[in-house]
Amino acid sequence: MNKLSDLIASGARSFLKTEYFYLSWFVAVFFLFLVILYSVDPPTDAEDRLDGIRMGSCFLAGAGLSAMAGWGGMAVATDANVRTTQAADKEGLAKALRVAFTGGAVMGFTVVGLGLFGLSLFF
């Protein structure tokens, strides 16, 4: 089971590396779009030309924190799935559900924590 779980984790990391490579191009283009759009036509009444940089920075930080949550979530999910399978095989359904719920809770708290961290950076 360990060999199979290592192969699954390796495939998950490979998938995320490829996905993040292509996604980084989109993020870079959209970041530039936001900076240009909000620098040319700022949404505030003060005509502050730094609004574009602020908007782009918030988008970039959100994309980065989302990528961190995705990477951590994939790692936790693959590990939790192996532990859930092991628990179901050896100890039954009740133990397997407890292990699966704990793995999901870790990911949920990670997403919330990173979201609050991102909010604290800019506000």
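These numbers come from a predicted model, not from an experiment.

Draft legend 1. Representation of the overall build of the chain. Check the secondary structure of the chain and you find three helices and zero strands. Along the chain direction, N to C, the helices and strands of the chain fall in the order α-α-α. Over its C-alpha atoms the chain spans a radius of gyration of 20 Å, topping by over 25% the 14 Å that the globule rule assigns to 123 residues. When its C-alpha atoms are laid out on the principal axes, the chain stretches across 65 × 30 × 15 Å. Evaluated residue by residue, the chain yields a buried proportion of 20% over its 123 residues.

Draft legend 2. How the structure looks around the environment of Met 1. Inspection of the secondary structure assignment puts Met 1 in the segment before helix 1 (2–40). By relative accessible area, Met 1 is classed as partly exposed at 46%. It is 28 Å that separates the C-alpha atoms of Met 1 and Ala 67, two residues lying 66 residues apart in sequence. The residues touching Met 1, leaving out its near neighbours within four places in the chain, are Val 82, Thr 85 and Gln 86.

Draft legend 3. Representation of the packing of helix 1 against helix 2 (residues 51–90) within the structure. Between helix 1 and helix 2, the least distance of the axes is 9 Å, while the angle of their chain directions is 170°. Between helix 1 and helix 2, the angle is such that the two are roughly antiparallel. Among the residues making up the contact of helix 1 with helix 2, the classes are represented as 21 nonpolar, eight polar and three charged.

Draft legend 4. Main features of the packing of aromatic side chains. Applying the stated criterion to the full structure yields five aromatic pairs. Pairwise contacts between aromatic rings join Phe 26, Phe 30, Phe 33 and Phe 59 into one cluster.

Draft legend 5. Summary view of the side chain of Thr 84. The residue Thr 84 is located in helix 2 in this model. On the accessibility criterion, Thr 84 (17% relative accessible area) is buried.

Draft legend 6. Highlighting a nonpolar patch on the surface. A cluster of nonpolar side chains, Val 112, Leu 116, Phe 117, Leu 119, Leu 121, Phe 122 and Phe 123, forms an exposed patch at the surface whose accessible area comes to about 770 Å². With respect to the secondary-structure elements, Phe 122 resides in helix 3 (residues 93–122). With relative accessibility at 35%, the residue Phe 122 sits in the partly exposed group.

The rules behind each value
- Residues numbered from 1 in each chain as written.
- Predicted model: local features only at pLDDT ≥ 70, side-chain atom pairs only at ≥ 80, totals over all residues.
- Heavy atoms only, no water.
- Helix = DSSP H or I, 4+ residues; strand = E, 2+ residues; numbered from the N terminus.
- Rg over C-alpha atoms; globule rule 2.2 N^0.38 Å.
- Buried < 20%, exposed > 50% of the residue type's maximum accessible area, 1.4 Å probe, protein only.
- Contact = heavy atoms within 4.5 Å.
- Axes fitted to C-alpha atoms, helices over the stretch in contact; angles between N-to-C directions.
- Parallel < 35°, antiparallel > 145°, perpendicular 65-115°, else oblique.
- Nonpolar A, V, L, I, M, F, W, Y, C, P; charged D, E, K, R; others polar.
- Phe/Tyr/Trp six-rings, centres within 6.5 Å; stacked < 30°, edge-to-face > 60°.
- Patch = residues over 30% accessible without salt bridge, like charges linked within 9 Å, V, L, I, M, F, W, Y side chains within 5 Å.
- Areas by Shrake-Rupley, 256 points an atom, 1.4 Å probe, with all protein chains shown as cover.
- Salt bridge = Lys/Arg side-chain N within 4 Å of Asp/Glu carboxyl O.

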